[in-house]
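Analysis of the macromolecular model
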Amino acid sequence: MRLRSFTIIVTVFMLACATVHVVKNTRLDRRGATRIALILKLRLILFAMHEYCDNHDAMPPLIVETSSPTGIMRHSWRAVLLPYTGPAAVPPYDLERLWNDEVNLNAAKRIDAFGTFAEEAETSCFRILNSTADSSYVPDEGTPILVSVPQQQILWSTPQDVTPEEVWLAMKDEPELVMVGLFGGCVLPLRSIVSTSEECQEFLRYGSLSLERRKFFHQRILGSKAIDDRQKNCSKTAILESA
């Protein structure tokens, strides 16, 4: 299991690096480079969350609380995913210290697991499944887990997420860069699922919605995946025809 996890992480990391290298060398537009970087980074985080759930049979809590001789320490959910994102940081992130302790701040700045490969793509994540009840089960592969929000300068180790209002404003400004990550690793644009501020606010509370409302959004997710699959098939066909 650990070897498979490491292989997946290394593969995704190498693919991301190679993609950005190709993007730069072929001089694609920055918007396209940013979008690719965000998708790959979001998938890496989803893989890490998947591996965490495989080992703990539960989602990581939104706020991680650890005890130490000096009291209770609060950390971001991202902190417990670090072992599943790649090589350990030097200096390491210490869960027995405060998240804003000098040691942890230095570690956080050295760890790229929750950053991006494109300098213009500073991003933060919003946890869709973020209540205590939501952390007690492992979702299926079609369940929305995360939303990546560009231009949000929140250090990943900060024990907070961006707000639903910030998600909606980012989608209005840069709709092609606000992505939804499904537990199975699929990444979709948020604008393909919601079209109004009210729907956005509701979707970001997916874990607490009624079964009927979940089905409503799930149908939109399926529609978006179908469009995405057709685009992939068209791209494969074009490549084969040009070969």
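Residues numbered from 1 in each chain as written. Predicted model: local features only at pLDDT ≥ 70, side-chain atom pairs only at ≥ 80, totals over all residues. Heavy atoms only, no water.

Once that is clear, we can look at the pairing of strand 4 (residues 144-150). The buried fraction of strand 4 amounts to 7 of the 7 residues, a majority that puts the element mostly inside the structure. Relative to strand 5 (residues 179-182), strand 4 runs antiparallel, the two sharing 4 bridges. From the neighbouring strand, Leu146 faces strand 5, where its bridge partner is Gly181. (Buried < 20%, exposed > 50% of the residue type's maximum accessible area, 1.4 Å probe, protein only. Helix = DSSP H or I, 4+ residues; strand = E, 2+ residues; numbered from the N terminus. Pairing = 2+ DSSP bridges.)

Next up on the list: the pattern of salt bridges. Evaluation of the coordinates by the stated rule reveals 6 salt bridges. Note that Glu65 is salt-bridged to Arg74, the shortest N-O span being 3.1 Å. Owing to a relative accessible area of 52%, Glu65 belongs among the exposed residues under this scheme. The exposure class of Arg74 is partly exposed, given its relative accessible area of 42%. Each member of the salt-bridge network shares a partner with another, and the members are Asp94, Arg97 and Asp101. (Salt bridge = Lys/Arg side-chain N within 4 Å of Asp/Glu carboxyl O.)

Evaluated as defined, the whole model comprises 4 aromatic pairs. The interplanar angle of 85 degrees and the centroid separation of 6.1 Å between the aromatic rings of Tyr52 and Tyr84 together place this pair among those described as edge-to-face. Of this pair, Tyr52 sits in helix 2 (residues 30-56) while Tyr84 sits in the loop between strand 2 (71-76) and helix 3 (102-110), and the two are 32 residues apart along the sequence. For the pair Tyr52 and Tyr84, one class covers both residues: buried. Among the aromatic side chains, those forming a connected cluster through ring pairs are Phe203, Tyr206, Phe216 and Phe217. Note that Arg127 overlies the ring of Trp77, its terminal NZ or CZ placed 5.2 Å from the centroid. Directly above the ring of Phe216 sits Arg213, whose terminal nitrogen or CZ lies 4.3 Å from the centroid. (Phe/Tyr/Trp six-rings, centres within 6.5 Å; stacked < 30°, edge-to-face > 60°. Lys NZ or Arg CZ within 6 Å of the ring centre and 35° of its normal.)

Turning to the side chain of Thr66, a few remarks are in order. Among the structural elements, Thr66 can be located in strand 1 (residues 63-68). With relative accessibility at 17%, the residue Thr66 sits in the buried group. From its side chain, Thr66 meets the backbone oxygen of Leu95 in a polar contact 2.6 Å long. Discounting residues that sit within four places of it in the chain, Thr66 has contacts with Gly71, Ile72, Met73, His75 and Leu95. (Polar contact = N/O pair within 3.5 Å; in protein donor to acceptor, adjacent residues only side chain to side chain. Contact = heavy atoms within 4.5 Å.)

Such coordinate-based values are descriptive only and should not be taken to indicate function.
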